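# Topology and contacts: notes
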Amino acid sequence: MTSSHIFSGVSSISLPAATTGGSSPLTLRDMLFFLRMRWLWIVVTTSAFLAVAGVYVLTAQPTFVASTQLLVFPQVNGSDAQRAVEADAFLEAQLEIAKSSDVLGGTAKALDLASDPAFADKAPSLQDTAKGWLMGTLPHDPESDGATGTAQPGSLAEETQRSDRVIARLRNMVALRRIGRSTILEISADASNPKKAVEIADMVAEEYIRKNILMKAQAARQYSEWLEKFVIEQQRGLAEAANALATFKSNPRDQFKLAELQSAADARRTLFESTLTQFTEAKQRISYPVSDATIVSQATLPLSKARPRSGLIVAFATAVGTGAGLMLAMIRHAGDRRIVRAQRLAEAAGLPFVTLLARSEKARNGHSACFLAAEAGSGSTATYPIIPGMAELGATIAGLRRRRKVVIGIVAVNPGSGASTIACELAVQSAESGSRTLLIDAAAEKSSLSSSIAPHSSTGLIDVLDNADLIQTAAVPLTPTLKFLPLGKMRGVTPAIRLSSGRTQLSFNDLKKEFDAIFVDISAFSASPDANAIAPELDGVLVVTWHGRTSIDDTVKVIDGMRNVGAEVLGAIINKAPLRMQS
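Being a predicted model, the structure only gives us computed values, none of them experimental. (Residues numbered from 1 in each chain as written. Predicted model: local features only at pLDDT ≥ 70, side-chain atom pairs only at ≥ 80, totals over all residues. Heavy atoms only, no water.)

### A word on the overall build of the protein
From N to C terminus, the protein includes 21 helices and 13 strands. Across the 583 residues that make up the protein, the buried fraction comes to 42%. Taking the contacts inside the protein whose residues are at least 6 apart along the sequence as the reference set, 82% of them involve residues at least 24 apart. Carbon and sulfur atoms make up 56% of the accessible area of the protein, which amounts to about 30500 Å² in all. (Helix = DSSP H or I, 4+ residues; strand = E, 2+ residues; numbered from the N terminus. Buried < 20%, exposed > 50% of the residue type's maximum accessible area, 1.4 Å probe, protein only. Contact = heavy atoms within 4.5 Å. Areas by Shrake-Rupley, 256 points an atom, 1.4 Å probe, with all protein chains shown as cover.)

Structure below.
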């Protein structure tokens, strides 16, 4: 197991504080750290979107699409440019005709869709409703007629409403388009049944052709009626011209007048014959109308569903879910003030070093290093530090001792952060290096070290404060180089408060003459004010935080508070970090 720590170096010169302010560029290491920390957010969000997509794919009714193609013959004249423009306009008009209510109503009647409960009585989907609202093709509501005084009889209103609903559904189901710049129109119909889709597509094409024929027949009928009147007028004019010519021929007096009457009669006859020919052709168009379109490809039975597109939906859900997960993860990451990175804490608090220790407080089956040291005696490998990162932290503390930082306090921001364990580990490691070491339990709120190492001790720190000579009997020797001073029995003011008064028999200066390193375990800052009281009396303080639980704001507040009372904060320790954070 390894550790990750940030420190300025171990030397006889002062340790430079981390620079604050400014923004560093985003690195690959930062991105990998973000993914390691927030991968669960991304996975859960993506999984939620995929679950919704899966439910939709499994429950959505499949839709099949069938297409019919028509070849249209535009009736245009003029130059090439004029014909192109007129052809486009003609085809657009035919598309609108094919989508008209007459064509769709004829299709519904031919297929008897109004009597099909699965088609007529089925409530429109949200997509169809939105499409109809946007296109302004929502079915007519007969209740509004009653409000305006134009209500129809019940059976007729119900039949009209049913027909309107069928036409509205058909309009949402049928799609028409022109294929490229050609004169071919494609009519597509979708339905839950592939056979029904084929029937609707073919029937819409047939109804469009029938509508086109009826429109041309109606136009021809109107034209023939006008021609019939015109023929009668021309026939009357021809008879008058013929009578005038016959009367003049019986008594010719002027040859020029005769020629003029003959020419007028011939013109009347020619116009009459031409009009009669057009009238005959119009009658033929009424009797035998020809459509402007013909079916070139009937719809075929679709082999697979067109919607829902499972692959596309899953891919879209994956992309959207991943994007949403990344966004939520970034929001959570930006707003997360918990301590997870050593560099971030060092920059926020302006600390010389921050060490990251792995979570291994159970590695000795619940016993502290000092307890094992007392059992093993001296020179045993059982007393070596086993918390990942403790060796690097011990090397840093050794460098601090060369700067005459002998008395070092260890205080946690919150209870349970492992400050007592770290104090014990540092003391054992210092003793193993050959330094005369003293470990003092000054944690009045929870004296875990005293309870585990010297639970039956009759004297302790509280007694030594009144009589410094008692330290020889109160200090429990664990190894030849390591002694432990338990808390003792609490009565009244805590030892930390008494030490801050300077009116006790115990002096850290006297202890420095006997010991090379002194580690003081102090109550957690949030549980007791002892840290601010005793910290100025020490050579330095190490602040212990809990990875992923202690907030940066609380830690900075603790550090600033101790600095304000004159304490020197040597650095910080992020304890109980997962092994994956040690890289």
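### Looking at the sheet that holds strand β5 (residues 293–297)
Ordered by their spatial adjacency, 4 strands build an open sheet running β3-β4-β2-β5, and the pairing between neighbours is antiparallel. The sheet is open, and its two edges are formed by β3 (174–178) and β5, each paired on a single side. Pairwise comparison of adjacent strand axes, ignoring direction, gives a mean angle of 30° for this sheet. Pairing of β3 with strand β4 (residues 184–191) involves 5 bridges; the strand directions are antiparallel. Opposite Val 174, over in β4, you have Ala 189 as the bridge partner. Relative to the sheet, helix α2 (residues 80–98) contacts β2 (64–72), β3 and β4, its axis offset from that of β3 by approximately 175°. (Pairing = 2+ DSSP bridges. Axes fitted to C-alpha atoms, helices over the stretch in contact; angles between N-to-C directions.)

### Let's talk about the pattern of salt bridges
Inspection of every chain in the model, using the stated rule, returns 17 salt bridges. For Arg 269, the salt bridge is made with Asp 266, and the minimal N-O distance between the two is 3.2 Å. Of this pair, Arg 269 and Asp 266 both sit in helix α9 (residues 255–287), 3 residues apart, which is roughly one turn of the helix. Exposure remark for Arg 269: the relative accessible area of 35% places this residue in the partly exposed category. For Asp 266, a relative accessible area of 34% corresponds to the partly exposed category. For the salt bridge of Asp 539 with Lys 512, the shortest nitrogen-to-oxygen distance reads 3.0 Å. Highlighted residues: Asp 539 in the loop between α20 (530–534) and β12 (540–546) and Lys 512 in helix α19 (residues 508–514), separated in sequence by 27 residues. With a relative accessible area of 29%, Lys 512 lands in the partly exposed category. When salt bridges that share partners are traced, they join Arg 38, Arg 332, Asp 336 and Arg 338 into one network. (Salt bridge = Lys/Arg side-chain N within 4 Å of Asp/Glu carboxyl O.)

### Section: the packing of aromatic side chains
A complete count under the given rule lists 0 aromatic pairs for this structure. Geometry around Phe 33 places Arg 341 over its ring, the cationic atom sitting 4.2 Å from the centre. (Phe/Tyr/Trp six-rings, centres within 6.5 Å; stacked < 30°, edge-to-face > 60°. Lys NZ or Arg CZ within 6 Å of the ring centre and 35° of its normal.)

### Points about the packing of helix α13 (residues 390–402) against helix α14 (residues 419–432)
In contact at an axis separation of 10 Å, α13 and α14 are set at 70° when each is read in the N-to-C sense. Between α13 and α14, the crossing angle belongs to the class labelled roughly perpendicular. Handedness of the crossing formed by α13 with α14: right-handed. Touching Met 390, Ala 391, Leu 393, Gly 394, Ile 397 and Arg 401 of α13 are Ile 422, Glu 425, Leu 426, Gln 429 and Ser 430, all from α14. (Parallel < 35°, antiparallel > 145°, perpendicular 65-115°, else oblique. Left-handed = near helix turned anticlockwise from the far one by under 90°.)

### Looking at the side chain of Gln 94
Looking at where Gln 94 falls in the secondary structure, it is placed in helix α2. Looking at Gln 94, the relative accessible area reads 4%, which means it is buried. Setting aside chain neighbours within four positions, we find Gln 94 in contact with Val 72, Leu 185, Tyr 208 and Asn 212.

### Thoughts on the pairing of strand β10 (residues 482–485)
Both faces of the sheet carry side chains from a regular strand, because those side chains alternate between them. Note: strand β8 (residues 437–442) against β10, 4 bridges, orientation parallel. Counterpart to Leu 438 in the pairing with β10 is Lys 483. Pairing between strand β9 (residues 476–479) and β10: 3 bridges, direction antiparallel. When the sheet's bridge partners are listed, Thr 479 is paired in β10 with Leu 482. As consecutive antiparallel partners, β9 and β10 are separated by 2 residues.

### A look at the packing of helix α1 (residues 28–59) against helix α10 (residues 310–335)
It is at 7 Å that the axes of α1 and α10 come closest, and there the two elements cross at 145°. The handedness of the crossing between α1 and α10 is right-handed.

### Brief notes about α13
In a regular helix each residue adds 1.5 Å, so 13 residues correspond to 18 Å; α13 covers 19 Å between its end C-alpha atoms and thus fits that length. Within α13, burial applies to Met 390, Leu 393, Gly 394, Thr 396, Ile 397, Gly 399, Leu 400 and Arg 401. Arg 404 occupies a position one or two residues after α13 and carries a positive phi of about 65°. (Expected span 1.5 Å × (residues − 1).)

### Overview of the confidence of the model for the protein
For the protein, the mean per-residue pLDDT works out to 80, and 82% of the residues sit at or above 70. When mean pLDDT is taken per element in the protein, β12 scores highest with 94 and strand β1 (residues 4–7) scores lowest with 40. In this model, residues 361–366 is a region of pLDDT below 50 whose contacts with residues beyond four sequence positions or in other chains number 9 contacts. (pLDDT = per-residue confidence, 0-100.)

### Considerations on the environment of Ile 184
Turning to its location among the elements, Ile 184 is positioned in strand β4. Among the residues examined, Ile 184 registers a relative accessible area of 24% and is labelled partly exposed. A C-alpha to C-alpha distance of 9.5 Å links Ile 184 and Ile 295, two positions 111 residues apart in sequence. The residues touching Ile 184, leaving out its near neighbours within four places in the chain, are Gln 69, Leu 70, Leu 71, Arg 177, Arg 178 and Ile 179.

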